[in-house]
Amino acid sequence: MDLNTIREVVRPRTRAQLPIWTAGDAWLAGGTWLFSEPQTDLNRLIDLTDLKWPALTVGNDRLGIAATCTVAQLDSFACPPDWIAAPLIGQCCRAFLASFKIWKTATVGGNICMSLPAGPMIALASALDGVCTVWRADGSEYRVPVADFVTGNQRNVLTNGDLLRQIDIPLAALRRRSVFRQISLTPVGRSAALLIGSVDSNGALRLTITASTVRPVQLSFADLPGPEALRATILQKIADGMYHADVHGRPMWRKHMTLRLAEEIRRELATGP
């Protein structure tokens, strides 16, 4: 869609060249949502592509994912054999149910910043203990877990001028045994519930619940709980008002599927590697 209110496109090449943020500005990375509907309140785009951030970098203890990394780049990354949680990457990428055109353009950071309940990059990064690095307009920066970055349906911690720079995934999280579950109301519909469970070397369970809730919910257990304990914890920690409501699923159905998929994950993890 043409954005006929845009008067200027700025293409900085370094952080120092980022312009002073003003009303009517928008960051442009993939732009798959930005160009999908009228943006009548915008008059300037700040294109991030010329910053040329490396899409993916592997350090001694982390995987760094640039906010401008595309879904296609993430999906095609060759993970080491000991990253046994690596299948989650492909599973979450395919939860987009998007065309190859979207895969080659849509960015990991854009999906997280949109902060939709069904955002699969939110699910992936939250489940893998991802941490966001955010650049402030005043030149400072701060870090926040992805699970805390999203605060509600299309709401997050960003303020005017804040820019998501990257997401860091601990390599230890990629070495955890994990299980993925996702369901949609229709065969090619948006995720109505997307859950990921993982067990570390000490047997502790981390369960991440997204899509069915308006923001990510993470539950931790010192060891694998029984079915009654798992169900009771979900019912206690997630109030009925936290379940998302839209055309892709009613809240009580999402609640039911959350409980069902959580138990499926628990059973699969209980069977051992």
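Definitions and limits used
- Residues numbered from 1 in each chain as written.
- Predicted model: local features only at pLDDT ≥ 70, side-chain atom pairs only at ≥ 80, totals over all residues.
- Heavy atoms only, no water.
- Pairing = 2+ DSSP bridges.
- Helix = DSSP H or I, 4+ residues; strand = E, 2+ residues; numbered from the N terminus.
- Axes fitted to C-alpha atoms, helices over the stretch in contact; angles between N-to-C directions.
- Buried < 20%, exposed > 50% of the residue type's maximum accessible area, 1.4 Å probe, protein only.
- Polar contact = N/O pair within 3.5 Å; in protein donor to acceptor, adjacent residues only side chain to side chain.
- Contact = heavy atoms within 4.5 Å.
- Disulfide = S-S within 2.5 Å.
- Phe/Tyr/Trp six-rings, centres within 6.5 Å; stacked < 30°, edge-to-face > 60°.
- Core = buried A, V, L, I, M, F, W, Y, C linked by side-chain atoms within 4.5 Å.
- 1 Å grid on protein atoms, 1.4 Å probe; cavity = no way out; pocket = protein on both sides within 12 Å on 5 of 7 lines; lining within 4 Å.
- Points joined across faces, edges and corners; volume = space filled by probe spheres on them.
- Nonpolar A, V, L, I, M, F, W, Y, C, P; charged D, E, K, R; others polar.

## Examining the sheet that holds strand β11 (residues 177–184)
Across the sheet, which stays open at both edges, the four strands sit in the order β11-β12-β13-β14 with antiparallel pairing between neighbours. Taken across any chain shown, the strands that pair with only one partner, and hence form the sheet edges, are β11 and β14 (217–221). Put simply, the sheet's adjacent strands are angled 10° from each other on average, direction ignored. Where strand β13 (residues 205–210) lies against β14, five bridges are found, and the strand directions are antiparallel.

## Some points on the side chain of S212
Its location among the elements puts S212 in the loop between β13 and β14. Relative accessible area serves as the criterion here: at 0%, S212 is assigned to the buried category. Only 2.8 Å separates the side chain of S212 from the side chain of T258, close enough to count as a polar contact. Once residues lying within four places of it in the same chain are set aside, the contact partners of S212 are A192, A193, M242, Y243, H244, R254 and T258.

## Looking at the pairing of β11
The pairing of β11 with strand β12 (residues 191–199) spans eight bridges and is antiparallel. Its bridge partner being in β12, R181 is matched across the sheet by L195.

## Brief notes about the sheet that holds strand β5 (residues 62–66)
The strand order across the open sheet built from five strands is β4-β5-β10-β6-β7, with neighbouring strands paired in antiparallel fashion. Of all the strands in the sheet, the pair left with one neighbour each is β4 (56–58) and β7 (141–145). The average angle at which neighbouring strand axes cross in this sheet is 20°, direction not considered. Summarising the sheet, strand β6 (residues 131–135) and β7 pair through five bridges and their orientation is antiparallel. Each residue of the ladder has a partner; that of V134, found in β7, is Y142.

## Topic: unusual backbone geometry
For K52, which is not glycine, the phi dihedral falls at a positive 50°. Secondary-structure assignment places K52 in the loop between β3 (44–47) and β4. Judged by relative accessible area, K52 falls into the exposed class, the value being 65%. Even without being glycine, D129 reaches a positive phi, approximately 60°. With respect to the element layout, D129 can be found in the loop between α5 (120–127) and β6. According to the relative accessible area criterion, D129 is partly exposed, its value standing at 23%.

## Regarding the state of the cysteines
Evaluated as defined, the whole model comprises zero disulfides. Just so you know, C79 is unpaired, no disulfide at all, and the nearest cysteine sulfur is the one on C93, 10 Å from it. We classify C79 as partly exposed; its relative accessible area is 24%. There is no disulfide at C113, and the cysteine sulfur nearest it, in C132, is 7.5 Å away.

## Describing the environment of L97
Secondary-structure assignment places L97 in the loop between α2 (87–94) and α3 (100–103). Taking the C-alpha atoms as reference, L97 lies 7.6 Å from R190; in sequence the two are 93 residues apart. Setting aside its immediate chain neighbours within four residues, L97 contacts P187, V188 and G189.

## Comments concerning the packing of aromatic side chains
Inspection of every chain in the model, using the stated rule, returns three aromatic pairs. Summarising the aromatic geometry, the rings of W21 and W27 are spaced 4.9 Å apart at their centres and angled 40° between planes, so their arrangement reads as tilted. Assessed through its relative accessible area of 22%, W21 is described here as partly exposed.

## Points about the nonpolar core
The biggest cluster of nonpolar side chains holds 53 residues, and the ones touching the most others in it are L74, I112 and I167. Here this core gets six residues from one element, more than from any other, and that element is α5. With 21 residues, the next largest nonpolar core counts L205, F221, I234 and M242 among its residues.

## Observations concerning the side chain of K255
Examined against the element boundaries, K255 turns out to sit in helix α9 (residues 251–270). Ignoring any residue separated from it by four or fewer positions in sequence, one finds K255 in contact with L235, D240 and Y243.

## Describing the layout of surface pockets
Within this model, the second largest pocket holds a volume of roughly 170 Å³. R15, L18, P19, I20, W21, W27, W135, R136, A137, G139, G161 and L163 together form the lining of the second largest pocket. The class makeup of the residues in the lining of the second largest pocket is eight nonpolar, two polar and two charged.

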